[in-house]
Amino acid sequence: MRVTPAYSRIQRFRLPRLCVAVIGSDPANLLERAESHVRDNPFLEFRLDYLSQPAAALPKLHHFLELHPEAMVIATCRRAVNGGKFKGSVQSQLDILTKAADAGFQLVDIEIQSAQELKRDQFTELKNRVGVILSFHDFKSTKKLEDTFAGMREFSADFYKVVTTATNLSDNVTMMKFLQSHSGEHEMVGLCMGEQGIISRVLGVRAGSIFTFGSAAPGEETAPGQITVGELRDTYRIEMVEASTQVYGVAGDPVSHSLSPIMMNAAFRRETVNAVYLALHAKSLKDLLACANNIPIRGMSITMPYKQEIVQALANSDPLTKQIGACNTVVRSADGKFYGFNTDVAGIVTPLEQRMNLSGKRILVVGAGGVARAAVFGLKAREAEVLITNRTPEKAQALARQAKAKYVKRADLAKLSFDVILNATPLGMNGDRHTPLEEKELNTHYVFDLVYTPAETKLMKIAKAKGLHVIPGLEMFVQQGARQFEIWTGKPAPIAEMGYVVSKALERQHPAEAAPPDEPHAPEKEIAQPAKKATVAKPAAQPVAKKVVARKPKRVVVKSPSKSSAKKTVRR
Ligand code: NAP
């Protein structure tokens, strides 16, 4: 038998921050998974309740622990009535946890409800044998934490684990305040489950949670909203999150699909900024602002549906944001107030300016929503000739009037020609096989499709087949994010790195849709069907990316901004 120190109590400083919850369909499967994680993540929780006969697995687990003296392991056999899968009685649960202690587990997790059913001396005996995590789970809400904790404190445990469900962002604040107020006195573990609880999974350790849980792999979550240990470590850098870590995030509804956390956390890592960027699933703007004020969040990327609504809630915003009426970037200044910017404009204008001088260029914007507005005002500010078409003509007409652009009927498009056609509708997104325009309407040099999931849309394929130059929406995504990074940190953004991680993530999401090769500087003579009217100026030479990344972006290359444009954008 492995000798568990008799029992020298588990010290918080001995525990890693990240515990991998391991499940398996049978003991062999469980051990196989544990084996694949233990070297990188020696802190493991074995969910014995996922096995049909937990006790029968213990001899094999004992063998595993003898082979891996570096492992720090928790045995959990949560009862079904308390949200687990174990259907046995409390006495059988106690029996399994006791045997797990004898097999070499340093910690066992037991629910407060089970502890309350046991005789006091049974609980004491368990605690004398092994480190005890006394746990409480609320699968519906985050309520009455103090009352719950008062009941838990009646038991002397090594760790008190309180896990609730976030139904809004503010629940994370409640959890973190709770952790802060008790972590000085007790060894606490706390987090909120659910998609809206992701903040607490990352920032809980900053508020006093000794560790947090990650799933071993996608699809192996042991609790709603659990993220993988790989994401917690690589994307959110959980090991370095501390009190002085600045918090940023992308706020919207929904946001779970957003690639912004991958991109912005990679940028923070590359530039060694002590910051973490989270997905903030906000069900209302009020909830978002309450959470942002309490945490406090230093900056936010704002996405649908709050881009317009948030403008009224800001202390001030830059003139272009006011004109567009939509804000995608919020920064908290030293006075604690929120200021707004619109970096969608730079996201659209920069990739075009890298290829042409926009002054006098004839550009068709398809769509009249939020992003189309950013495109129209941004391009007008660069003295381009802007035309707008839209499914709902009245919206395009109104935008054309406001921006001093021209409205054009869809029926007239086949007769017209442009330097650039820009798709600002969602058509083509996520497997949608529609295109905003037909092949015969693409009389242009360039097609800029702002849709970036998948990396290559049907519109882009048609345009390429026609010999047109294509600018993928990924370039906008990276450029708007780069400006946000610059506004928040005052540093030039590591654009090559940002483009690389996003294109890789897109490849993982849409393996069938290969990302398009970059073609930013194809000379005009290569254009198969040149536009009838305007010509495209040779693009100005672009500076190379500021930092050379170890692995160059393979497919999509997004250029770094010039120093002057970076300076112009940075307002602190
Ligand atoms: P939005 O405000 O909802 O506007 C959508 C526009 O698309 C409206 O003009 C709408 O026309 C039109 N539209 C929607 N469905 C249509 C359909 N079935 N047929 C024809 N037109 C349709 O959205 P947004 O915020 O401007 O975003 C538009 C797209 O831009 C997004 O879907 C996204 O793919 C892309 N985007 C890209 C980035 C990036 O970084 N690359 C960033 C943000 C957004 P009506 O006026 O008739 O409703």
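This write-up is about the structure you can find in this document.

With that settled, the discussion passes to the site of the ligand. Near the ligand you find 21 residues, and of these Ala-368, Val-371, Asn-390, Thr-392 and Leu-450 are the closest. In isolation the ligand has 920 Å² of accessible area, and contact with the protein removes 77% of it. Taken together, the elements giving at least two residues each to the shell around the ligand come down to helix H14 (370-381) and helix H17 (473-489). In terms of residue count, H17 provides more of the shell around the ligand than any other element does, three residues in total. Counted by class, the shell around the ligand contains 12 nonpolar, seven polar and two charged residues.

Phe-46, Leu-48, Leu-134, Leu-203 and Met-300 are the most contacted members of the largest nonpolar core, which has 90 residues in total. Sequence-distant contacts of Leu-203, that is, excluding residues within four places in its chain, are made with Met-176, Val-241, Val-247, Val-276, Leu-278 and Ile-295. Judged by nonpolar contacts, the second largest core, of 33 residues, contains Val-345, Leu-358, Ala-368 and Ala-372.

Moving on, we get to the sheet that holds strand E7 (residues 188-193). Strand order in the open sheet formed by eight strands is E7-E6-E5-E4-E3-E2-E1-E8, with parallel pairing between adjacent strands. Whereas interior strands pair on both sides, the edge strands pair on one side only; in this sheet they are E7 and strand E8 (212-215). Within this sheet the neighbouring strands show an average axis-to-axis angle of 25°, counted without direction. Sheet topology note: the strand E3 (residues 72-76)/strand E4 (residues 107-111) ladder contains three bridges and is parallel.

Before going further, it helps to spend a moment on the packing of aromatic side chains. Here the structure, examined in full by the defined rule, presents 13 aromatic pairs. Judged by centre distance (5.5 Å) and plane angle (85°), the rings of Phe-46 and Phe-105 are edge-to-face. Placement of the pair is Phe-46 in strand E2 (residues 43-47) and Phe-105 in the loop between helix H3 (90-103) and E4, with a sequence separation of 59 residues. The exposure class assigned to Phe-105 is buried, which follows from its relative accessible area of 0%. Consider the rings of Tyr-452 and Phe-477, whose centres lie 4.5 Å apart with planes at 20°: the pair is stacked. Of this pair, Tyr-452 sits in the loop between strand E19 (444-449) and helix H16 (458-465) while Phe-477 sits in helix H17; the two residues are 25 residues apart in sequence, bridging distant segments of the chain. For Tyr-452, a relative accessible area of 21% puts it in the partly exposed group. Three or more aromatic residues joined by ring pairs make a cluster, and in this case those are Tyr-248, Phe-268, Tyr-277, Phe-485 and Trp-488. Looking at Lys-85, its charged tip hangs above the ring of Tyr-50, at a distance of 5.0 Å from the centre. Against the face of Phe-155 rests Arg-120, its NZ or CZ located 4.0 Å from the ring centre.

Within the secondary structure layout, Thr-350 lies in helix H13 (residues 344-353). Among the residues examined, Thr-350 registers a relative accessible area of 12% and is labelled buried. A polar contact of 2.7 Å, which involves the side chain of Thr-350, links it to the backbone oxygen of Ala-346. Leaving out residues up to four positions away in the same chain, Thr-350 has contacts with Gln-479 and Arg-483.

Here we take up the pattern of salt bridges. Applying the stated criterion across every chain, the model contains 21 salt bridges. Residue Arg-78 is joined to Asp-109 by a salt bridge in which the shortest nitrogen-to-oxygen separation is 3.3 Å. With Arg-78 in the loop between E3 and H3 and Asp-109 in strand E4, the pair connects residues that are 31 residues apart, well separated along the chain. Accessibility classification places Arg-78 together with Asp-109 in one group, the buried group. Two residues, Lys-464 and Glu-456, come together in a salt bridge whose shortest N-O distance is 2.8 Å. Judged by relative accessible area, which is 26%, Lys-464 ranks as partly exposed. A cluster of three or more residues bridged by salt bridges with shared partners is formed by Arg-78, Asp-109 and Lys-161.

With that settled, consider the sheet that holds strand E16 (residues 385-389). Strand order in this open sheet of six strands is E17-E16-E15-E18-E19-E20, and the pairing throughout is parallel. Only two strands of the sheet have a single neighbouring strand rather than two, namely strand E17 (406-407) and strand E20 (469-471). Pairing analysis gives four bridges linking strand E15 (residues 362-366) to strand E18 (residues 418-423), with the strands arranged parallel. Its bridge partner being in E18, Leu-364 is matched across the sheet by Ile-421. Packed on one face of the sheet, H13 meets E18, E19 and E20 and runs near 145° to E19. The sheet strands contacting H14 are E15, E16 and E18, and the helix crosses E15 at an angle near 165°.

Let's shift gears to unusual backbone geometry. The residue after Met-304, namely Pro-305, is reached through a cis peptide bond having omega 5°. Thr-453 connects to Pro-454 through a cis peptide bond whose omega is 5°. You can see Pro-454 is positioned in the loop between E19 and H16. Backbone geometry places Thr-272, a non-glycine residue, at a positive phi of 45°. For Thr-272, the location among the structural elements is in the loop between helix H10 (260-270) and strand E10 (275-281). Backbone geometry at Glu-383 places phi at a positive 65°, although glycine is not the residue there. Tracing the backbone shows Glu-383 in the loop between H14 and E16. Taking relative accessible area as the criterion, Glu-383 reaches 56% and is therefore assigned exposed.

On to helix H6 (residues 145-152). Listed as buried for H6 are Leu-145, Thr-148, Phe-149, Gly-151 and Met-152. Viewed end-on, H6 has its buried residues packed into an arc of 155°, placing them on one side of the element. Those residues of H6 that are buried lie in contact with helix H4 (112-117), strand E5 (131-137), strand E6 (159-165), helix H7 (170-182) and E7.

So, how was this worked out
Residues numbered from 1 in each chain as written. Predicted model: local features only at pLDDT ≥ 70, side-chain atom pairs only at ≥ 80, totals over all residues. Heavy atoms only, no water. Near = heavy atom within 4 Å. Areas by Shrake-Rupley, 256 points an atom, 1.4 Å probe, with all protein chains shown as cover. Helix = DSSP H or I, 4+ residues; strand = E, 2+ residues; numbered from the N terminus. Nonpolar A, V, L, I, M, F, W, Y, C, P; charged D, E, K, R; others polar. Core = buried A, V, L, I, M, F, W, Y, C linked by side-chain atoms within 4.5 Å. Buried < 20%, exposed > 50% of the residue type's maximum accessible area, 1.4 Å probe, protein only. Contact = heavy atoms within 4.5 Å. Pairing = 2+ DSSP bridges. Axes fitted to C-alpha atoms, helices over the stretch in contact; angles between N-to-C directions. Phe/Tyr/Trp six-rings, centres within 6.5 Å; stacked < 30°, edge-to-face > 60°. Lys NZ or Arg CZ within 6 Å of the ring centre and 35° of its normal. Polar contact = N/O pair within 3.5 Å; in protein donor to acceptor, adjacent residues only side chain to side chain. Salt bridge = Lys/Arg side-chain N within 4 Å of Asp/Glu carboxyl O. Arc of directions from axis to C-beta.

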